[in-house]
Amino acid sequence: MNINWFKYSSPQTFYPLAGKMIPWFTWLAVVLAMAGLYVSFAIAPTDFQQGEAYRIIFVHVPAAWMSMVIYIAMAGWAAVGLALNARLSAMMAQALAPTGAIFTLLALVTGSLWGKPMWGAWWVWDARLTSELILLFLYLGFMALQSSIDDPRRADRAGALLALVGVVNVPIIYFSVKWWNTLHQGSTINMGVAPKMAATMLLGMLLMALAFWVYTVAVALMRVRCIILERECSTDWVKELSTGGQA
Amino acid sequence: MQWASWSAFFNMGGYAFYVWFSFGLTALCVVWEVLALRKRSQQALRLSQLLAQN
Amino acid sequence: MKTAKKNAWTNAWLTVLKRDLLLALRRRSDIATTLFFFVIVSSLFPLGIGPEAAVLSSIAPGVLWVAALLAGMISLSRLFSADFTDGTLEQILLAPQPLALLVTAKILAHWLVCGLPVVLLAPLIGLQYALPNEALLVLVYSLLLGTPALSLIGAIGAALTLGVRGSGLLVALLVLPLYIPALIFGAGAVAASQHGMSAEAHLSLLAACSLLSLVLAPLATAAALRISVE
């Protein structure tokens, strides 16, 4: 089968296609989340060191993974948008950013909710939490830049460039934070995946991560549809869509 | 099954606050994001409806 | 033919550098503002924390580096905005010489005007923080190696926010997270020498940051300027 991909790179043709894809991704996300929650709460055994509090990792670790995956995906769409001058790619980058920021925030909050019973402190300057905090700053910068530029073309391209600069810097920042962390904390607190994890724990985490992943796709498609409508609100096809009642 | 009773399940071995707050907040964020997006697309459609009438 | 082209590039580069330095010399209050900001910020900390020499010298590397970072940042908005309003920037964009090259001249001028004075003044402030001589020397080295990276990375932010409303605050939000590696290695170098360790590893990493940003930042800045001005 030969699909003409470029046909779907115009917002007008992509809008209904995204509309058709959203329910599939939404239901898949619900099913995966149900399965993931069942495994994480009903099947995964109690951790002998951390008790039941370890179950927070079933949201914390997938959220942290997604926060990084979304940033890379965002930079990827931004690069495509800049290289091919494709409007839709820039819109995708813009649509991913808020979801990425939410996952970053969730990773931070759940990380500190886990830290309190484990380390006795709400916040520990551990390398992962610190990098996650910096990642949140990067997301906020991207969103602030895009929202303060009125011309959408310029906002798209400026945001894309910033995302690319950010993605080059992320490994350097991560390395420097790790370096800083090992120098300043003699005892390394290893947050995250314990070396010996029961297979069911890993399965629960993977299922939750997949659910978050599919959810991200669904929400990004919803948001890109909003952005298309807002950008093209004065074009004929959107006017027809809004008055024809077939949203 | 890991749990002797429902109350043991809700108690989470004494870590109920931390565990349920984490999962609750995540659920809240998801629900809020979806509802906010639905509202946003309705607003955008209404705007272009107004533009179409004028 | 080739040498003629090279000469034209060097000439254009030197012209931009000289022009920016001349403009800065005519408005000396700008240089003074950056310096005063650095001095004031670093003098506030002892007032907030107390004059205990041991405490002050232990926080000195971080405080002085953060103050230098903020001082460099508040002066960023001047990098392109004057040229943007009077139309010079468009001329530079139209010049036949590569934009990334001309941008390095502007960044160098900015560093000479806003970065270098801070580097030279830092040991004086370090004395106020009871830093030993060796650490003072490392402080100067680290700032000398690190502040060029701050100017280079900052130029990307300044170019992206050119003519945008609320650009002063926006630049802070964009640029400060990217300054973190320089801050960690720079302050780490001073702290290492305070603890009697070698600062060499930190300084090498800092130099690597500066070199990497010297290669990449002018290209990104040039692209950002084209996006902002077009």
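Residues numbered from 1 in each chain as written. Chains lettered and ligands numbered in written order. Predicted model: local features only at pLDDT ≥ 70, side-chain atom pairs only at ≥ 80, totals over all residues.

Participant: For this particular structure, what's the right way to read the overall build of chain A?
Facilitator: Across its full length, chain A carries 7 helices and 0 strands. Considering only C-alpha atoms, chain A reaches an extent of 60 × 40 × 35 Å along its principal axes. Within chain A, the fraction of its 247 residues that count as buried is 47%. For chain A, the proportion of contacts with a sequence separation of at least 24, taken over those separated by at least 6, is 79%. (Helix = DSSP H or I, 4+ residues; strand = E, 2+ residues; numbered from the N terminus. Buried ≥ 20, exposed ≤ 12 C-beta atoms within 10 Å, placed from the backbone. Contact = placed C-beta atoms within 7 Å.)

Participant: What should I look at first to understand the overall build of chain C in this one?
Facilitator: When its secondary structure is counted, chain C shows 9 helices and 0 strands. Along chain C, helices (α) and strands (β) appear in the sequence α-α-α-α-α-α-α-α-α when read from the amino end. Over its C-alpha atoms chain C spans a radius of gyration of 18 Å, differing by no more than 12% from the 17 Å that the globule rule assigns to 230 residues. Seen along its three principal axes, the alpha-carbon backbone of chain C occupies a region of about 60 × 40 × 30 Å. Across the 230 residues that make up chain C, the buried fraction comes to 48%. (Rg over C-alpha atoms; globule rule 2.2 N^0.38 Å.)

Participant: Looking at this model, I keep getting lost on the interface of chain A and chain B. Mind explaining?
Facilitator: A common way to report how large an interface is uses the accessible area buried once the components associate. Opposite the 34 residues of chain A that make contact, chain B presents 26 residues. Listed by contribution, the elements that provide at least two residues to the side of chain A that touches chain B are helix H2 (57-84), helix H3 (87-119), helix H6 (199-231) and helix H7 (236-244) of chain A. No other element matches the 9 residues that H3(A) contributes to the side of chain A that touches chain B. Among the residues forming the side of chain A that touches chain B, the class breakdown is 19 nonpolar, 8 polar and 7 charged. (Nonpolar A, V, L, I, M, F, W, Y, C, P; charged D, E, K, R; others polar.)

Participant: Just checking my understanding: could you explain the nonpolar core for this structure?
Facilitator: One recurring pattern in soluble globular proteins: nonpolar side chains tend to sit buried together. Core analysis: the largest hydrophobic core is formed by 166 residues, its most contacted members being Met74(A), Leu161(A), Ala68(C), Tyr179(C) and Ala224(C). Ranked by residues supplied to this core, first place goes to H6(A) with 19 residues. The residues contacting Met74(A), other than those within four sequence positions of it, are Ala93(A), Leu96(A), Ala97(A), Gly100(A) and Ala163(A). (Core = buried A, V, L, I, M, F, W, Y, C linked by C-beta atoms within 7 Å.)

Participant: What should I look at first to understand the interface of chain A and chain C in this one?
Facilitator: Between chain A and chain C, the contact holds 23 residues from the first and 21 residues from the second. In terms of residue count, the dominant contributor to the side of chain A that touches chain C is helix H5 (residues 152-184) of chain A (14 residues). Classifying every residue of the side of chain A that touches chain C by side-chain character gives 17 nonpolar, 4 polar and 2 charged.

Participant: What am I meant to see in the arrangement of the chains here?
Facilitator: Among the 2 pairs of chains in contact, the pair with the most contacts is chains A and B. You won't find any contact between chain B and chain C; their C-alpha atoms come no closer than 24 Å.

Participant: Would you explain the environment of Pro132(C) in this entry?
Facilitator: With respect to the helices and strands, the residue Pro132(C) is situated in the loop between helix H6 (99-128) and helix H7 (133-160). Among the residues examined, Pro132(C) registers 12 C-beta atoms within 10 Å and is labelled exposed.

Participant: Honestly, the packing of H2(A) against H6(A) in this entry has me stumped. Any pointers?
Facilitator: Residue and element names in this part refer to chain A. Running from N to C, H2 and H6 point in directions that differ by 45°, and their axes come no closer than 9 Å. Considering their axes alone, H2 and H6 lie oblique with respect to each other. Our pair here, H2 against H6, has a crossing hand that is right-handed. Together, Ile57, Phe58, Val59, Val61, Pro62, Ala63, Trp65, Met66 and Ile70 of H2 and Gly204, Met205, Met208, Ala209, Phe212, Trp213 and Thr216 of H6 make up the contact between the two elements. A per-class count over the contact of H2 with H6 returns 14 nonpolar, 2 polar and no charged. (Axes fitted to C-alpha atoms, helices over the stretch in contact; angles between N-to-C directions. Parallel < 35°, antiparallel > 145°, perpendicular 65-115°, else oblique. Left-handed = near helix turned anticlockwise from the far one by under 90°.)

Participant: Looking at this model, I keep getting lost on the confidence of the model for chain C. Mind explaining?
Facilitator: When pLDDT drops low, the exact placement of atoms in the prediction is not to be read closely. Residue and element names in this part refer to chain C. Across chain C, pLDDT averages 90, with 99% of residues at or above 70. Looking across chain C, the model is least confident in helix H1 (residues 2-26), with a mean pLDDT of 86, and most confident in H7, with 94. Model confidence for the complex: the whole-complex pTM is 0.90, and ipTM, which rates the interface, is 0.89. (pLDDT = per-residue confidence, 0-100.)

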